[in-house]
Protein chains: 2
Amino acid sequence: MTVHQHGRYSTPVDDLPSRAVPEAAVGRLAIYLRVLTSMIEQGVTTMSSEELAGAAGVNSATLRKDLSYVGSYGTRGVGYDTARLVEHIEQLLGLTRHHSVAVVGIGNLGHALANYGGFPDRGFPVTALFDVDEDLVGIPVGGLPVDHVNTIPEVCAERDVTIGVICTPARAAQTVCDLLVAGGVRCILNFAPVMLQVPSDVEVRRVDLAVELQILSFYQARRSSGRRAGTADPVAVIR
Amino acid sequence: MTVHQHGRYSTPVDDLPSRAVPEAAVGRLAIYLRVLTSMIEQGVTTMSSEELAGAAGVNSATLRKDLSYVGSYGTRGVGYDTARLVEHIEQLLGLTRHHSVAVVGIGNLGHALANYGGFPDRGFPVTALFDVDEDLVGIPVGGLPVDHVNTIPEVCAERDVTIGVICTPARAAQTVCDLLVAGGVRCILNFAPVMLQVPSDVEVRRVDLAVELQILSFYQARRSSGRRAGTADPVAVIR
DNA sequence: GCAACTTTGTTCCTGCGTTCACAAGCGGCT
DNA sequence: AGCCGCTTGTGAACGCAGGAACAAAGTTGC
């Protein structure tokens, strides 16, 4: 799980194209987008809410409501035009522009992310890498040289970084976060196990491996204490 | 964000120590646990709900309700005994036993996770690594040799793997998932951008980098279209 | 030993998100 | 050209999680 630091999910008052979009809906829209692009590659030009919902693993009513946030781009009796829908979802999610990404903390995880280079699905080019370790500074990782964390504000401002990814140990995370904010970064993806304190106009999303594992552990515990040793062997009932 | 594949959060009927625990509460409990262990290291023996809630970034009423799921281990007028609380949360989350972890797909991310060795916070030893690449098989990563994915069922059953982590490309994820399930794995952490189909007794948690970035992109778009070019320079108002 | 203060545990309530269900709309078929 | 069937879009109901407020309980000081 990723826990949201605060529940803001829309600008309080705005006359933007669409009304307030629930945070959960935004996440699902990103998933629909992936399903749609994948289907388009397979030559699918039209999909009904039922089909798309099935592929995304959600209720079709939920899907239609989510899509209604984007606007009314379906055709009754037919379904949604895949290409058209992709276009509008991308616009809503702000994917028409590129978001330059900075990765801070070039340890195991940071290294992995830096090597993605273009990051999962394009549109998120990694343009800056930072670390405290002087020995790492200057060394290229994934084709991009590492800069020192002290230079975060200047470099981020200069390269117009919009998203900062924090992969540092917990103790360094808040300091790094402050530096990113000082550099004008307003979107932060935090892999460090701490709650970051940020100004209200900065959006933080947290991905916490330890929490994910512990939640799985909880369900495992529940399961095994709820049932005594199962008699049946494990059968994979795929449906 | 991490999206939950299904909303199950408690065994339907059970006379277990505590009643049904909301999924969100489980995630928060894991956070309280981290805060508590950190405070204990600093010698703190007692904390009030207000203090703990502040450190975890949640409302104190929410915290007290969460803790009520684990049982009544606070002292009115005083607060919670940190050590005692840690003990009971760990028990609820099933952290008293070790959960052996298997990592499948030793690419950038899998490599990073394998190198953690003991995984964030102990209790989750990595005991198996898998990949399709024959060249990787046999090579030790983080001190553990890589096995071929074909051997997943046997190896997982043999080493009593309880948690499988999928770091493969999207197209391989479902196959790998089926193999893990066949090997008796009932908890899966999925980094691949697909919705896995699993039997109902298997719990899947998904961590989706692309979705996280796109959600951040959405907020960024909202913000910049809501306001015209800001006049003030970025000031870090930490509160 | 009693009283006052502090903090928990819980109940009630409010608000949000999801689901259901139906009316409106569009294409195809005759 | 008109009707029929299918699918969207949305209004209304349901259910759940979060927050406020209060009563119970325990501790400390007198």
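1. A closer look at the overall build of chain A
Part 1 of the argument: Across its full length, chain A holds 8 helices and 10 strands.
Part 2 of the argument: Looking at chain A as a whole, 50% of its 239 residues qualify as buried.
Part 3 of the argument: Here the contacts in chain A between residues at least 6 apart in sequence split such that 56% fall between residues at least 24 apart.
Part 4 of the argument: Here chain A has roughly 10800 Å² of accessible surface; of this, 52% comes from carbon and sulfur atoms.

2. Quick look at the packing of helix H2 (residues 49–56) of chain B against helix H3 (residues 60–70) of chain B
Residue and element names in this part refer to chain B.
Part 1 of the argument: At a minimum axis separation of 8 Å, H2 and H3 run at an interaxial angle of 105°. It follows that H2 is roughly perpendicular to H3 by the angle criterion. Side by side, H2 and H3 meet where Ser49, Glu50, Leu52 and Ala53 of the first sit next to Ser60, Leu63 and Arg64 of the second.
Part 2 of the argument: Residue classes in the contact of H2 with H3 are distributed as 3 nonpolar, 2 polar and 2 charged.

3. Re the packing of helix H1 (residues 23–41) of chain B against H3 of chain B
Residue and element names in this part refer to chain B.
Part 1 of the argument: Interaxial distance between H1 and H3 falls to 10 Å at its minimum, and their mutual angle equals 95°. Considered as vectors, H1 and H3 are oriented roughly perpendicular to each other. Listed contacts from H3 to Ala25, Arg28, Leu29 and Tyr32 of H1 are Thr62, Leu63, Asp66, Leu67, Tyr69 and Val70.
Part 2 of the argument: Here the contact of H1 with H3 is composed, by residue class, of 7 nonpolar, 1 polar and 2 charged.

4. A short note on the protein's contact with DNA strand C
Part 1 of the argument: Close to DNA strand C lie 28 residues, the nearest being Arg28, Thr62 and Arg76 of chain A together with Ser49 and Tyr80 of chain B.
Part 2 of the argument: Within 4 Å of the protein, the contacting atoms of DNA strand C are drawn from sugar and phosphate to the extent of 66%.
Part 3 of the argument: The separation between a sugar or linking oxygen of DNA strand C and a polar main-chain atom of Gly77 of chain B is 3.0 Å.
Part 4 of the argument: Counting residues per element, the ones that place at least two in the surface near DNA strand C are helix H1 (23–41) and helix H3 (60–70) of chain A together with H3, strand E2 (74–75) and strand E3 (79–81) of chain B.
Part 5 of the argument: Among the elements that take part in the surface near DNA strand C, H3 of chain A stands out by supplying 4 residues, more than any other.
Part 6 of the argument: Class assignment of the residues belonging to the surface near DNA strand C gives a composition of 8 nonpolar, 12 polar and 8 charged.

5. Observations concerning the layout of surface pockets
Residue and element names in this part refer to chain A.
Part 1 of the argument: There is about 750 Å³ of room inside the second largest pocket.
Part 2 of the argument: Where the lining of the second largest pocket is concerned, the elements lending two or more residues are helix H5 (108–116), helix H7 (170–182) and helix H8 (209–226).
Part 3 of the argument: It is H7 that contributes the most residues to the lining of the second largest pocket, 6 residues altogether.
Part 4 of the argument: When grouped by side-chain class, the residues that make up the lining of the second largest pocket number 19 nonpolar, 7 polar and 6 charged.

6. Things to note about the pattern of salt bridges
Part 1 of the argument: Scanning the model with the defined rule gives 14 salt bridges over all chains in all.
Part 2 of the argument: In this structure, the salt-bridge partner of Asp208 of chain B is Arg206 of chain B, at a minimum N-O distance of 2.7 Å. The residues Asp208 of chain B and Arg206 of chain B share a single accessibility class, namely buried.
Part 3 of the argument: Taken together, the salt bridges that share partners define one network made up of Glu23 and Arg205 of chain A together with Glu212 of chain B.

7. Some points on the protein's contact with DNA strand D
Part 1 of the argument: As a matter of local geometry, DNA strand D sits amid 27 residues, with Ser49 and Tyr80 of chain A together with Thr62, Lys65 and Arg76 of chain B nearest to it.
Part 2 of the argument: Expressed as a percentage, the sugar and phosphate content of the atoms of DNA strand D within 4 Å of the protein is 67%.
Part 3 of the argument: Between Asn59 of chain B and DNA strand D, the recorded distance is 3.2 Å, taken from a side-chain N or O atom to a phosphate oxygen.
Part 4 of the argument: Secondary structure elements with two or more residues in the surface near DNA strand D: H3, strand E2 (74–75) and strand E3 (79–81) of chain A together with H1 and H3 of chain B.
Part 5 of the argument: In terms of residue count, H3 of chain B provides more of the surface near DNA strand D than any other element does, 4 residues in total.
Part 6 of the argument: Of the residues belonging to the surface near DNA strand D, the class tally is 8 nonpolar, 11 polar and 8 charged.

8. Re the nonpolar core
Part 1 of the argument: Residues Ile89 of chain A together with Ile89 of chain B are the most contacted members of the largest nonpolar core, which totals 103 residues.
Part 2 of the argument: Ile89 of chain A has contacts with Leu29, Tyr32, Leu33, Leu36, Leu67 and Val70 of chain A, leaving out every residue within four places of it along the chain.

9. Examining the sheet that holds strand E1 (residues 46–47) of chain B
Residues and elements named next belong to chain B.
Part 1 of the argument: Taking strand neighbours across the sheet as the criterion, the 3 strands line up as E1-E3-E2 in an open arrangement whose pairing is antiparallel. This sheet does not close on itself; its edge strands, each paired only once, are E1 and E2.
Part 2 of the argument: Sheet analysis places E2 next to E3, joined by 2 bridges and oriented antiparallel. Directly across from Thr75, in E3, lies its bridge partner Gly79.

10. With respect to the pairing of strand E10 (residues 203–206) of chain B
Residue and element names in this part refer to chain B.
Part 1 of the argument: Side chains Glu203 and Arg205 of E10 all project onto a buried face; the interleaved residues Val204 and Arg206 project onto the opposite face, where all are buried too.
Part 2 of the argument: Bridge analysis of strand E9 (residues 187–190) against E10 gives 4 bridges, and the strand direction is parallel. Each residue of the ladder has a partner; that of Asn190, found in E10, is Arg206.

11. What about the packing of aromatic side chains?
Residue and element names in this part refer to chain A.
Part 1 of the argument: Per the stated rule, a full pass over the model turns up 2 aromatic pairs over all chains.
Part 2 of the argument: Between Phe218 and Tyr219, the ring centres sit 5.2 Å apart and the planes meet at 70°, which makes this aromatic pair edge-to-face. Of the two residues examined, Phe218 and Tyr219, each falls in the buried class.

12. Re H2 of chain B
Residue and element names in this part refer to chain B.
Part 1 of the argument: Turning to H2, its buried residues are Ser49, Leu52, Ala53 and Ala56. Buried residues of H2, viewed axially, fall in a sector of 100°; they line one side. Facing away from the buried surface of H2 by more than 90 degrees, the exposed residues are Glu50 and Gly54.
Part 2 of the argument: Where H2 is buried, its residues touch H1, E1, H3, E3 and helix H4 (82–92).
Part 3 of the argument: One or two residues past the end of H2 sits Gly57, with phi positive at roughly 75°.

13. Side note on the sheet that holds strand E5 (residues 126–131) of chain A
Residues and elements named next belong to chain A.
Part 1 of the argument: The sheet built from 7 strands is open, its strands ordered E6-E7-E5-E4-E8-E9-E10 with mixed pairing. With one partner strand each, in any of the chains shown, strand E6 (140–141) and strand E10 (203–206) form the two edges of the open sheet.
Part 2 of the argument: Here strand E4 (residues 101–104) pairs with strand E8 (residues 163–166) via 4 bridges, running parallel. Across the sheet, the residue bridging to Val104 is Ile166, located in E8.

What counts and what doesn't
- Residues numbered from 1 in each chain as written.
- Chains lettered and ligands numbered in written order.
- Predicted model: local features only at pLDDT ≥ 70, side-chain atom pairs only at ≥ 80, totals over all residues.
- Heavy atoms only, no water.
- Helix = DSSP H or I, 4+ residues; strand = E, 2+ residues; numbered from the N terminus.
- Buried < 20%, exposed > 50% of the residue type's maximum accessible area, 1.4 Å probe, protein only.
- Contact = heavy atoms within 4.5 Å.
- Areas by Shrake-Rupley, 256 points an atom, 1.4 Å probe, with all protein chains shown as cover.
- Axes fitted to C-alpha atoms, helices over the stretch in contact; angles between N-to-C directions.
- Parallel < 35°, antiparallel > 145°, perpendicular 65-115°, else oblique.
- Nonpolar A, V, L, I, M, F, W, Y, C, P; charged D, E, K, R; others polar.
- Near = heavy atom within 4 Å.
- Polar contact = N/O pair within 3.5 Å; in protein donor to acceptor, adjacent residues only side chain to side chain.
- 1 Å grid on protein atoms, 1.4 Å probe; cavity = no way out; pocket = protein on both sides within 12 Å on 5 of 7 lines; lining within 4 Å.
- Points joined across faces, edges and corners; volume = space filled by probe spheres on them.
- Salt bridge = Lys/Arg side-chain N within 4 Å of Asp/Glu carboxyl O.
- Core = buried A, V, L, I, M, F, W, Y, C linked by side-chain atoms within 4.5 Å.
- Pairing = 2+ DSSP bridges.
- Phe/Tyr/Trp six-rings, centres within 6.5 Å; stacked < 30°, edge-to-face > 60°.
- Arc of directions from axis to C-beta.

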